[in-house]
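One-letter residues, chain by chain:
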Amino acid sequence: MTHHPTTLPATSAVVVVPVPGAKLALDLGQHTGWALAYPRGPITSGTATFKAGRFEGGGMPLLRFAAWLDELHAKAGPLTAVVFEEVRAHRGTAAAHTYGAFLGQLTAWCELHQVPYQGVPVGTIKKHATGRGNAGKNEVIAAMRVKGFFPADDNEADALAILQWALTGGLR
């Protein structure tokens, strides 16, 4: 028969479970909408622009995007999940290429840093935010305002809607 001690371990032996880090939601593109939920704090959101300068190569926006993710990861202490808008159809070839490049950079970054990531279909986000899967940009903005947020544009509103979806049980 195995004997198990009934006394509590010394204070120095107590394992402290870290507070889960922040969750990041993204509406990917050269003009990226983002929303960040801290474990014990407010939700912050905004937009970040990643465009190549006049004398820069085409890869510079992606390098700046990766550096931006590094900064968020360090400051948010650390990121524990990333959710993003999963776009399956684009208006044009350039938009599809841009989205694909940012998606590739994001997924590679998440793999490198061992941060779980998940795409969320556009219709799922819109239905969660507004009740309709084919809602327009202004409807998503209005829905986020009803929840107490004041997005500057549809990119920020989409990121907030994605984050709301993740925080209310959508994230797996």
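Placed above this text is the structure.
Below you will find a few notes about this structure. Only a predicted model underlies this, so the values are computations on that prediction, with no experimental measurement involved. (Residues numbered from 1 in each chain as written. Predicted model: local features only at pLDDT ≥ 70, side-chain atom pairs only at ≥ 80, totals over all residues. Heavy atoms only, no water.)

## What to know about the overall build of the protein chain
For the protein chain, the helix and strand inventory stands at 5 helices and 5 strands. In the protein chain, the order of α-helices and β-strands from amino to carboxyl end is β-β-β-α-β-α-β-α-α-α. For the protein chain, buried positions account for 38% of its 172 residues. Pairs at least 24 apart in sequence give 57% of the contacts found in the protein chain among residues at least 6 apart. In the structure as shown, the protein chain presents an accessible area of about 10,100 Å², 57% of it carried by carbon and sulfur atoms. (Helix = DSSP H or I, 4+ residues; strand = E, 2+ residues; numbered from the N terminus. Buried < 20%, exposed > 50% of the residue type's maximum accessible area, 1.4 Å probe, protein only. Contact = heavy atoms within 4.5 Å. Areas by Shrake-Rupley, 256 points an atom, 1.4 Å probe, with all protein chains shown as cover.)

## Here's the deal with the sheet that holds strand β2 (residues 31–37)
Taken together, the 5 strands give an open sheet; going across it, the order is β3-β2-β1-β4-β5, and neighbouring strands pair in mixed fashion. If you trace the sheet from one side to the other, it starts and ends with β3 (43–49) and β5 (117–121), each paired once. Taken pair by pair, the neighbouring strands of this sheet meet at an average axis angle of 20°, ignoring direction. Pairing of strand β1 (residues 22–27) with strand β4 (residues 79–86), which is carried by 5 bridges, proceeds in the parallel orientation. Paired with L24 across the two strands is V82, which belongs to β4. Seen against the sheet, helix α2 (residues 93–113) touches β1, β4 and β5 and runs at an angle of roughly 160° to β4. (Pairing = 2+ DSSP bridges. Axes fitted to C-alpha atoms, helices over the stretch in contact; angles between N-to-C directions.)

## Quick word on the packing of helix α1 (residues 60–76) against α2
Direction vectors running N to C along α1 and α2 enclose 40°, while the axes themselves pass 10 Å from each other. In terms of orientation, α1 and α2 fall into the oblique class. Crossing handedness for the pair α1 and α2: right-handed. Contacts from P61, L62, F65, A66, L69, D70 and H73 of α1 reach α2 at A101, F102, Q105, L106, W109 and H113. Of the residues contributing to the contact of α1 with α2, the split by class is 9 nonpolar, 3 polar and 1 charged. (Parallel < 35°, antiparallel > 145°, perpendicular 65-115°, else oblique. Left-handed = near helix turned anticlockwise from the far one by under 90°. Nonpolar A, V, L, I, M, F, W, Y, C, P; charged D, E, K, R; others polar.)

## Comments concerning the packing of aromatic side chains
Applying the stated rule across the entire model yields 6 aromatic pairs. Pairing F65 with F102 gives two aromatic rings, centres 5.2 Å apart and planes at 75°, and the pair type is edge-to-face. Here the residue F65 occupies a position in helix α1, and F102 occupies one in helix α2, the gap between them amounting to 37 residues. Judged by its relative accessible area of 3%, F102 is buried. Members of the aromatic cluster, joined through ring pairs, are W34, F50, F65, W68 and F102. (Phe/Tyr/Trp six-rings, centres within 6.5 Å; stacked < 30°, edge-to-face > 60°.)

## Quick word on the pattern of salt bridges
The final tally for this structure, using the stated rule, is 4 salt bridges. With its nearest N and O atoms 3.0 Å apart, the salt bridge here joins E56 to R64. As a salt-bridge pair, R132 and E139 come within 2.8 Å of each other at their nearest N and O atoms. (Salt bridge = Lys/Arg side-chain N within 4 Å of Asp/Glu carboxyl O.)

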